[in-house]
Amino acid sequence: MAALNSSETVRVIVRCRPMNQREIDLKSQTIITMSTQLNHVMLEHIEQNNEPPKQFTFDAVYPVDSITENIYADSVFPLVESVLEGYNATVFAYGQTGCGKSFTMQGINTPGSLQRGVIPRSFEHIFEASSVAAGTKYLIRASYLEIYNESIRDLLGKDVKATLDLKEYADKGVQVPNLSWHQCTSVVECERLMDKGNKNRATGATLMNKDSSRSHSIFTILTEMCTRSELDGKDHIRAGKLNLVDLAGSERQSKTHAEGERLREATRINLSLSALGNVISALVDSHSKHIPYRDSKLTRLLQDSLGGNTKTLMIAAISPAHDNYEETLSTLRYANRAKNIKNKPHINEDPRDAQMKLLQEEINRLKQELINTGGVTRGGNQLLAFDGTVG
Amino acid sequence: MKLLDRYLLAVDKCYVQSLNDPEAEPYKSKYEARKLFEELHAENIDEESDEIKKKFDTLDLIEENNKLKFIIKKPDEYLNEPSVTKKHRFLVDLLLDYHIGTIYSDTEEKGEGESHLQSILTAIEPAVNHSLICSLALNLLNQLILIRTSYEQYKEAIEIAKRADNLYNQSLSTEPYLLRELIEIDSAIPTIDRRDEFEQIYTYTSFFLAQIYAKLDDKDQSANYCRLTLERQLDMFHGDNRKHFDPLDWATNCATLSQYYMTKHDYATARHCLMCADKMLENVVSNENLPERTASFKRCWIKYAVNLLSDSSDRLLQAADRDVTPNEIVRSLTIPKFEFKLSLPPASMTCSYVLDYEQARQVFLFAMEKINSAKSYFVLDGFVTDHVELCQDTSQLYAKLVFFESNIDRKCKMYKRRIDLLSSLCKEISEEHYLYLVRQLLFELGECYSILLDLKLEQKEDLHTIKIDEKISHFIQSGISTFERFLTTMNDKKTNEKPETYADEYIRPVLLAHFYMGRFHSKSTQDRLEHIQQSLNQYKTIVDYVEKHPNALEHIEQEYTICKEMTNLLPLKLEKLRQAQ
């Protein structure tokens, strides 16, 4: 497998849901066309017909008649497999409300349903593996956190209002100390935890008078697998982490507080002066610089994913209706940018002119040496023996 | 309830309560507010105060093309419309329509919104500088700028902004009544408060322009309007209007702006911005972000120093190459493009390019002090990424300083410092969690071994000792194992196999790693046969990769020529060595 493979880049797929009843009643027009062969999404702007449709390319596109079973098999299955092998994987879900994000991620939760969501399928995948693996003990734990306005909250903790910190440990990577982890022994237990967290998310939103569509949530399943080796009789532990990230929708066109976030796409004008910093930092285009405010908590928390060691998938959900044009365009642009969110290493190179000169001198010397001792002819590559005969 | 009270309720619903609208109904409050505003058209206005009557003395109403318009009453002429009530009614209706138009625009009915707003503008255009009109006009223009921008018609948006500029400049001595005062003037509000509110609206115009120019990719203009926005915010601060002003925010933005000018090689302006940022921090009253931010500004200074040294050495090199004086390459700018109104202490860091070791050393020491200070906040265990970057900055400072040092012994010592720093870091952080950092560190470390090796070889020519030989041997070993480890980090996690193809951003470092290893092997004095063979293998690996991936050539052209030569010459040398044995 090449370094070009999916652990070094983000795989981005887009799914379009079918028109819903409201849109059908309103006689909405379809403005999305997809080519599953070319993996293109085309977005038309009905009000401006002389404009060509905007075209986006992704790793895979799923039109209105697609089924989640296929999406899982194509894009999610390899990720969860790698988690079971002891690696980390992250799935981002992005989309405006009502564009099918929940449908893809949660779906119709009946076992066997073709439209059962990505999340219950992942749970099932993991627990199935744990039940059939002979000789391996599994310890599966889950955590659920929310990031709102750059504050981290434990959605499964005792005090849902308490904010938690991020720490980068030299040995363990980025962690949220004091985040609670809960053991799960079945798919049902996992789903219950998620429900509980979701309720807390909603309650918290009302209590604190906040806009829950502006928060990100991360549900993490930590799978620890312990195998006793036949070779040395010792226990070998592998641990894989699956992060399921539900990303906040982009800001609405209103005077809301803007978040400074690398992933945020910026086609709209920011109305809040709190975004001045973002505008200025977007101008600074060089490696050797320092932007003096923290990278967003989301970015830092998922550093493993962005650092190149994790398989990463983004699923963007869109609606086909023309009255969602702005939101759909915004989602497609966001997803487009997501292809490049991996940290690119900047390798500092020392100036090498002096060294290159030395090397060239060396080559000249080498050539000279070989000529002098009769090892090479002046013009060609033929080997001349010491006594002058050609060998 | 009075009209004013109902109006204020509608405004609150539209702009404040809407922030809490549920995800499934994001425009609930706005739709409700729109209804409220529409209803207010039918609501009676209270009798006008004397103050507002006086204002209407100079504001006239005419009809043009079947549409009503406000105009400034010409001096020595009679009013066309003497009824204050009529004029007031019309004005209030325009105000309500303004909010209604804004709501259309906010709720994705931009076409409808724009036509509402445009017709209001037409109705007030001739009288935009009037104290009852100017605030409404400026707000309107801002809204139209936003709508135009959302259609990506940036040039048009900029034209509208120019009208806002004119309006602002012509209204400097006008009393800009607040929007709600168009219904009822509040005599309790001091002029200065009205003035501040008006200024704030215009600050938004600057801010929007900064973003528009950014979309047009005109970074200089964008930076200019960012600077203007900051300037206007600073004016508020000085005018004791600290309601909207956050010193920590302002300082942070100023420090960020410095980085823009720094990357443009404008060190005078960059330095000024950083000094202003530092100064403004003094006005921050206990804020939990203050320690982190203070440490962060130091990092801006560190980058400043690294960039200044780097540009200085480039300048001297270019001057030497072209056989001209450094000034003929580029002159140092000592005057900043602009100055914020803050009283600053004398500068403790130069903004001119450095010419020699002594000057470079000053910059180096300044930056090292900032690094040590920043590191006391950004400790390794807790802030791995930040701490590592600070160490990389240290390494870079040495790398830039060494250019100005001519003594080989001292050069060696500097490389030794870099090696110690980088190698201990590599041992302390987890490769699994900080993969891309580890790769950066290993590569830089390997390069240091290579350059140090060259220096030792140079020293050996004058001073041949066993100690030097041992050192040389050590650097060769360490260099090879460092680059080997670097390459291993690229292997497949499961099979530990080398990739067939490397991603673009890794092609050069990977091939260079092989190149360095080739060279390291060739310098070994023992087991010559073995090492030359290894050397040849490394050069072959590079040549093979480029043959299989022709697009890789552009990343490593210069070195490739040498590799090709080596793959031709080294087999002959090997043959020679074998025969000699």
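Everything numeric here is computed off the predicted structure, so don't read it as measured data.

1. Brief notes about the interface of chain A and chain B
Alright, step 1. Contacts between the two partners involve 86 residues from chain A and, on the opposite side, 114 residues from chain B.
Alright, step 2. Here chain A meets chain B over a buried area of about 8,900 Å², counting both sides, of which 56% is carbon and sulfur.
Alright, step 3. It is L273, L283 and H290 of chain A that lose the most area in chain A upon contact with chain B, and together they represent 8% of the buried surface on that side.
Alright, step 4. Inspection of the chain A/chain B interface yields eight salt bridges.
Alright, step 5. Across the pair E152 of chain B and R333 of chain A runs a salt bridge whose closest N-O atoms are separated by 3.4 Å.
Alright, step 6. Taken together, chain A and chain B are joined by 20 residue pairs in polar contact (both at pLDDT 80 or more).
Alright, step 7. For the side of chain A that touches chain B, the secondary-structure elements that each account for two or more residues are strand 10 (167-169), strand 11 (173-175), helix 6 (276-283), helix 8 (303-306), helix 9 (325-338) and helix 10 (353-372) of chain A.
Alright, step 8. It is helix 10 of chain A that contributes the most residues to the side of chain A that touches chain B, eleven residues altogether.
Alright, step 9. A class-by-class count of the residues in the side of chain A that touches chain B yields 33 nonpolar, 27 polar and 26 charged.

2. Thoughts on helix 9 of chain A
All names here are of chain A.
Alright, step 1. In this model helix 9 runs 20 Å from its N-terminal to its C-terminal C-alpha over 14 residues, within 8% of the 20 Å that 1.5 Å per residue would give.
Alright, step 2. The element helix 9 is extensively covered by neighbouring structure, given that ten of its 14 residues are classed as buried.
Alright, step 3. Inspection of helix 9 places Y325, T328, L329, S330, T331, L332, R333, Y334, A335 and A338 among the buried residues, and these make up the whole buried set.
Alright, step 4. Looking at the buried side of helix 9, the elements it contacts are strand 1 (10-16), strand 2 (32-35), strand 3 (40-43), strand 4 (54-57), strand 6 (88-95) and strand 15 (311-318).

3. Comments concerning the confidence of the model for chain A
Detail in the predicted coordinates should be disregarded across regions flagged by low pLDDT.
Residue and element names in this part refer to chain A.
Alright, step 1. Mean pLDDT over chain A works out to 81, with 82% of the residues at or above the 70 mark.
Alright, step 2. Taken as a whole, residues 1-6 scores under 50 in pLDDT and shows 17 contacts with residues more than four places along the chain or in a different chain.
Alright, step 3. Segment residues 251-266: pLDDT under 50, and 67 contacts once partners within four positions in sequence are set aside and those in other chains are kept.

4. Looking at the pattern of salt bridges
Alright, step 1. As enumerated under the stated definition, the model contains 54 salt bridges over all chains in all.
Alright, step 2. With its nearest N and O atoms 3.2 Å apart, the salt bridge here joins E369 of chain A to K576 of chain B. With E369 of chain A in helix 10 and K576 of chain B in helix 21 (residues 557-580), this pair bridges two chains.
Alright, step 3. R410 of chain B is paired through a salt bridge with E405 of chain B; the nearest N and O atoms lie 2.9 Å apart.
Alright, step 4. Take E405 of chain B: its relative accessible area is 5%, and that puts it in the buried class.
Alright, step 5. Within this structure, R299, K303, D386, E389 and D393 of chain B form a network of salt bridges that share partners.

5. Let's talk about the sheet that holds strand 3 of chain A
What holds strands together in a sheet is hydrogen bonding between their backbones, with the strands either parallel or antiparallel.
Residues and elements named next belong to chain A.
Alright, step 1. If you walk across this open sheet you meet the three strands as 2-3-4, and the pairing is antiparallel. Across the chains shown, the open sheet's two edge strands, defined by having one partner strand only, are strand 2 and strand 4. Neighbour-to-neighbour, the strand axes of this sheet turn through a mean angle of 20°, independent of strand direction.
Alright, step 2. Sheet topology places strand 3 next to strand 4; four bridges connect them, and they run antiparallel. Paired with L43 across the two strands is K54, which belongs to strand 4.
Alright, step 3. Packing of helix 9 onto the sheet brings it into contact with strand 2, strand 3 and strand 4, and relative to strand 4 it is tilted by some 35°.

6. Considering the packing of aromatic side chains
Alright, step 1. If you walk through the whole model with that rule in mind, you get 34 aromatic pairs over all chains.
Alright, step 2. Look at F56 of chain A and F58 of chain A: their rings are 6.4 Å apart centre to centre, the planes differ by 15°, and that puts the pair in the stacked class.
Alright, step 3. F58 of chain A sits in the buried class, given a relative accessible area of 5%.
Alright, step 4. Consider the rings of Y168 of chain B and Y202 of chain B, whose centres lie 3.9 Å apart with planes at 5°: the pair is stacked. Of this pair, Y168 of chain B sits in helix 7 (residues 154-170) while Y202 of chain B sits in helix 8 (residues 191-215); the two residues are 34 residues apart in sequence, bridging distant segments of the chain.

7. Things to note about helix 8 of chain B
Alright, step 1. With 25 residues, helix 8 of chain B extends 37 Å between its outermost C-alpha atoms, agreeing within 8% with the 36 Å of an ideal straight helix rising 1.5 Å per residue.
Alright, step 2. Two residues or fewer after helix 8 of chain B comes D217 of chain B, characterised by a positive phi angle close to 65°.

8. Details of the confidence of the model for chain B
Alright, step 1. When pLDDT is averaged along chain B, the result is 93; 100% of the residues meet or exceed 70.
Alright, step 2. At the level of chain-chain contacts, confidence expressed as ipTM amounts to 0.88, with global pTM at 0.87.

9. A look at the pairing of strand 2 of chain A
Residues and elements named next belong to chain A.
Alright, step 1. In this sheet, strand 3 lies alongside strand 2 in antiparallel orientation, the contact comprising four bridges. Within strand 3, the residue paired with I32 across the bridge is L43.
Alright, step 2. From the end of strand 2 to the start of strand 3, which pair antiparallel, there are four residues, and N39 there has a positive phi angle of about 60°.

10. Description of the packing of helix 2 (residues 68-84) of chain A against helix 4 (residues 118-132) of chain A
All names here are of chain A.
Alright, step 1. Interhelical geometry of helix 2 versus helix 4 gives an angle of 45° and a closest axis separation of 10 Å. Taken together, the axes of helix 2 and helix 4 lie oblique to each other. The two elements helix 2 and helix 4 cross, and the hand of that crossing is right-handed. Residues T68, E69, Y72, V76, F77, V80, E81 and L84 of helix 2 lie in contact with helix 4, whose contacting residues are V118, R121, S122, H125, I126 and A129.

11. A short note on the environment of T256 of chain B
Alright, step 1. Here T256 of chain B lies in helix 10 (residues 247-263).
Alright, step 2. The sequence separation of T256 of chain B and F297 of chain B amounts to 41 residues, and the corresponding C-alpha distance is 8.9 Å.
Alright, step 3. Non-local contacts of T256 of chain B, meaning those with residues more than four positions away in its chain, are made with G277, I280, S281, V284, I291, P292 and Y293 of chain A.

12. Some details on the packing of helix 19 (residues 504-522) of chain B against helix 21 of chain B
All names here are of chain B.
Alright, step 1. Contact pair helix 19 / helix 21: the axes reach a minimum separation of 11 Å and the direction vectors enclose 35°. Read as a crossing pair, helix 19 and helix 21 show a hand that is left-handed. Of the residues in helix 21, those touching helix 19 at R508, L512 and F515 are E559, I562 and C563.
Alright, step 2. Here the residues of the contact of helix 19 with helix 21 sort into four nonpolar, no polar and two charged.

13. A word on the side chain of D60 of chain B
Residue and element names in this part refer to chain B.
Alright, step 1. Take D60: it is sitting in strand 1 (residues 59-64).
Alright, step 2. Despite being buried, D60 has no salt bridge partner; K87 is the closest side chain of opposite charge, sitting 4.6 Å away.
Alright, step 3. Side-chain polar atoms of D60 contact the backbone nitrogen of N80, separated by 2.7 Å.
Alright, step 4. A polar contact of 2.9 Å, which involves the side chain of D60, links it to the backbone nitrogen of E81.
Alright, step 5. Apart from residues lying up to four places away in sequence, D60 is in contact with K69, F70, I71, K73, Y78, L79, N80, E81 and K87.

14. Some thoughts on a negative patch on the surface
Alright, step 1. A cluster of acidic side chains, namely D504, E505, E554 and E557 of chain B, defines a negative patch on the protein surface.
Alright, step 2. Tracing the chain through its elements places E554 of chain B in the loop between helix 20 (528-548) and helix 21.

15. Notes on the nonpolar core
Alright, step 1. By size, the foremost hydrophobic cluster in this structure holds 210 residues, and its most contacted members are F37, F70, W250, Y304 and I429 of chain B.
Alright, step 2. Here this core takes 13 residues from helix 17 (residues 435-462) of chain B, the largest share from any one element.
Alright, step 3. Both domains that furnish three or more residues to this core are identified here as domain 1 (8-353) and domain 2 (356-391) of chain A.
Alright, step 4. Look past the residues within four positions of F37 of chain B in its chain and what remains in contact with it is Y7, A10, V11, C14, L96, H99, I100 and I103 of chain B.
Alright, step 5. Within the second largest apolar cluster, 38 residues are counted, among which are V10, M34, L164 and A316 of chain A.

About the thresholds
- Residues numbered from 1 in each chain as written.
- Chains lettered and ligands numbered in written order.
- Predicted model: local features only at pLDDT ≥ 70, side-chain atom pairs only at ≥ 80, totals over all residues.
- Heavy atoms only, no water.
- Contact = heavy atoms within 4.5 Å.
- Buried area = accessible area lost by both parts, 1.4 Å probe.
- Salt bridge = Lys/Arg side-chain N within 4 Å of Asp/Glu carboxyl O.
- Polar contact = N/O pair within 3.5 Å; in protein donor to acceptor, adjacent residues only side chain to side chain.
- Helix = DSSP H or I, 4+ residues; strand = E, 2+ residues; numbered from the N terminus.
- Nonpolar A, V, L, I, M, F, W, Y, C, P; charged D, E, K, R; others polar.
- Expected span 1.5 Å × (residues − 1).
- Buried < 20%, exposed > 50% of the residue type's maximum accessible area, 1.4 Å probe, protein only.
- pLDDT = per-residue confidence, 0-100.
- Pairing = 2+ DSSP bridges.
- Axes fitted to C-alpha atoms, helices over the stretch in contact; angles between N-to-C directions.
- Phe/Tyr/Trp six-rings, centres within 6.5 Å; stacked < 30°, edge-to-face > 60°.
- Parallel < 35°, antiparallel > 145°, perpendicular 65-115°, else oblique.
- Left-handed = near helix turned anticlockwise from the far one by under 90°.
- Lys, Arg positive; Asp, Glu negative; His and termini not counted.
- Patch = residues over 30% accessible without salt bridge, like charges linked within 9 Å, V, L, I, M, F, W, Y side chains within 5 Å.
- Areas by Shrake-Rupley, 256 points an atom, 1.4 Å probe, with all protein chains shown as cover.
- Charge placed at Lys NZ, Arg CZ, Asp CG, Glu CD.
- Core = buried A, V, L, I, M, F, W, Y, C linked by side-chain atoms within 4.5 Å.
- Domains from an automatic or database assignment.

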